[in-house]
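# Architecture and fold: a report
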Amino acid sequence: MFTGLIEEIGTLKRSFKQGEALLLVVEANRILKDVALGDSISVNGVCLTVTAFDSRSFTVDVMPQTYRHSNLKDIRPGEPLNLERAMMAGGRFGGHIVQGHVDGTADIVARGSDANAVVFTIRPHDEKLMRYVIPQGSVTIDGISLTVATADRNSFAVSIIPHTLKETALQHKGAGGVINVECDVLGKYVDHLLHYKGGDEAKEDKPDGGGGITAAFLAENGFF
């Protein structure tokens, strides 16, 4: 689990592609101080496992599922990457719950300013993700924990303070850039429970074959 507070901007050193699989070698500094084989590191918001490392870089594998749903396939050697180590138990929770399980990619359609903030307008490639994007709620952009400023049916905007922009690879992106999006996991779980359709046993218990949590169910069980 991660917090969405980027620790370091790394650089892609090498990339090896085989079909829809990748091997990435990432140059870094700070996050290598206590690295071990098998550690989880968020790379542009994607939770990846360290398979090798030395004093200046670490290596990770990218499987086809991750290849298809993230922007890692488009990163070229020399490009900057947002890096964060997995959260330590007992540490400060400065962002929000970030799994490193990217829901999909999105286009940056505009970059502007609002006083001291930089505003990015973002349009997910899959509009279904917008059901989980709530104004004043949390969203993860390339591994960065951000607050949703506004949202409509197919796009949303986030405001970023100068410090966050300076300390992340997002400073190098503008309109036309492609970023990874992870929606708030709490919203995804609530939505799943509300719309869950059970298996055969659940269908047998319900005349209409439906499932999920309904207002009637909540009332019957004393929730309101």
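Residues numbered from 1 in each chain as written. Predicted model: local features only at pLDDT ≥ 70, side-chain atom pairs only at ≥ 80, totals over all residues. Heavy atoms only, no water.

### Side note on the nonpolar core
Just so we agree on the cut-off: What is meant by a nonpolar core is a set of buried Ala, Val, Leu, Ile, Met, Phe, Trp, Tyr and Cys residues, joined one to another through side-chain atoms within 4.5 Å. Burial status follows relative accessibility: with a 1.4 Å probe on protein chains alone, a residue under 20% of its type maximum counts as buried, one over 50% as exposed, and anything between as partly exposed. Under the DSSP-based scheme used, a helix requires at least four consecutive residues in state H or I and a strand at least two consecutive residues in state E, with every element numbered from the N terminus. Working rule for contacts: check all heavy atoms of both residues, and any pair within 4.5 Å makes them a contact.
Judged by nonpolar contacts, the single largest core of 23 residues is most densely connected at Phe-120, Ile-122, Val-139, Ile-141, Phe-156, Leu-170 and Ile-179. Of all the secondary structure elements, the ones that give two or more residues to this core are β7 (104-114), β8 (117-124), β9 (138-141), β10 (144-151), β11 (156-160) and β12 (178-183). Discounting residues that sit within four places of it in the chain, Phe-156 has contacts with Phe-120, Thr-121, Ile-122, Pro-124, Met-130, Val-133, Val-139, Ile-141, Val-148, Thr-150 and Ala-151. In this structure, Leu-32, Val-35, Phe-58 and Leu-72 belong to the second largest nonpolar core, which totals 22 residues.

### Description of the sheet that holds β12
What counts here: Pairing between strands is defined by DSSP: at least two bridges between them are needed. Structural elements are reduced to axes, namely lines fitted to C-alpha atoms, with helices fitted over the stretch in contact, and the angle between N-to-C directions of any two is expressed from 0 to 180 degrees.
The antiparallel closed barrel is built from six strands, whose spatial order is β7-β8-β11-β10-β9-β12. Sheet twist, expressed as the mean angle between neighbouring strand axes with direction ignored, is 45 degrees. Sheet topology places β8 next to β11; five bridges connect them, and they run antiparallel. Bridge pairing in β11 places Phe-120 opposite Val-158.

### A short note on the sheet that holds strand β4 (residues 46-53)
Taken in spatial order, the six strands line up as β1-β2-β5-β4-β3-β6 and close into a barrel, and their pairing is antiparallel. Adjacent strand axes in the sheet meet at a mean angle of 45 degrees, parallel and antiparallel pairs treated alike. Pairing between strand β3 (residues 40-43) and β4: four bridges, direction antiparallel. The residue bridging Val-43 from the neighbouring strand is Val-46, located in β4.

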